[in-house]
Amino acid sequence: MMYRPAFRRFAFAFGMAFAVLYVLALAKNLALFTVYPSFGVVVWGTHRARDVVDPALGFLAPAMHWYGWTATAALGALVVGLVAVVMPERWARRLWLGWLWAVPASAMLGCVYFTLPWFSLNP
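First, a word on what this report is: a plain description of the structure on this page. (Residues numbered from 1 in each chain as written. Predicted model: local features only at pLDDT ≥ 70, side-chain atom pairs only at ≥ 80, totals over all residues. Heavy atoms only, no water.)

Attention now goes to the overall build of the protein. A tally of helices and strands in the protein yields 6 helices and 2 strands. Helices (α) and strands (β) of the protein occur, in sequence order from the N terminus, as α-β-β-α-α-α-α-α. Within the protein, buried positions represent 28% of all 123 residues. Once local pairs closer than 6 in sequence are excluded, the contacts in the protein between residues at least 24 apart make up 70%. (Helix = DSSP H or I, 4+ residues; strand = E, 2+ residues; numbered from the N terminus. Buried < 20%, exposed > 50% of the residue type's maximum accessible area, 1.4 Å probe, protein only. Contact = heavy atoms within 4.5 Å.)

A few words now on unusual backbone geometry. Here Asn 29, not a glycine, exhibits a phi torsion of approximately 55°, which is positive. For Asn 29, the position within the fold is in the loop between helix H1 (5–28) and strand E1 (33–36).

Per the counting criterion, the structure on display carries 6 aromatic pairs. Their ring planes at 90° and their centres at 6.3 Å tell us that Phe 33 and Trp 44 sit as a pair that is edge-to-face. Of the two residues, Phe 33 sits in strand E1 while Trp 44 sits in strand E2 (residues 41–44), which places them 11 residues apart along the sequence. The exposure class of Trp 44 is exposed, given its relative accessible area of 66%. Judged by centre distance (5.1 Å) and plane angle (70°), the ring pair of Trp 66 and Tyr 67 falls under edge-to-face. Given a relative accessible area of 44%, Trp 66 falls into the partly exposed group. Assessed through its relative accessible area of 43%, Tyr 67 is described here as partly exposed. An aromatic cluster is defined as three or more aromatic residues linked by ring pairs; in this entry it consists of Phe 10, Phe 14, Phe 18 and Tyr 22. (Phe/Tyr/Trp six-rings, centres within 6.5 Å; stacked < 30°, edge-to-face > 60°.)

Structural data, given as structure tokens:
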């Protein structure tokens, strides 16, 4: 496989940006779309079941935001990756390579922190 510096910059920037943007989407509940898998319905944006039809729908058909959070993070990371491709090589050389592991590790800790309430035993 040929070595392509532009692809390498894209991959590294996409990976780091995706990790950060996913945590932000999870924290702020920014889903590009919401899926109701039991009905096969996809609604643009972040919706709660009570927003779509009536309050009882939340019990009958829970909303799934994970796909929307992932799409939000992927779209934002794509933009960051494309910006990294057009960035001059000399700017890319100045960045500390430790960010490649530090940013995703921090993002994993952020995801654990934001999902802890889901595993709470208190109602």
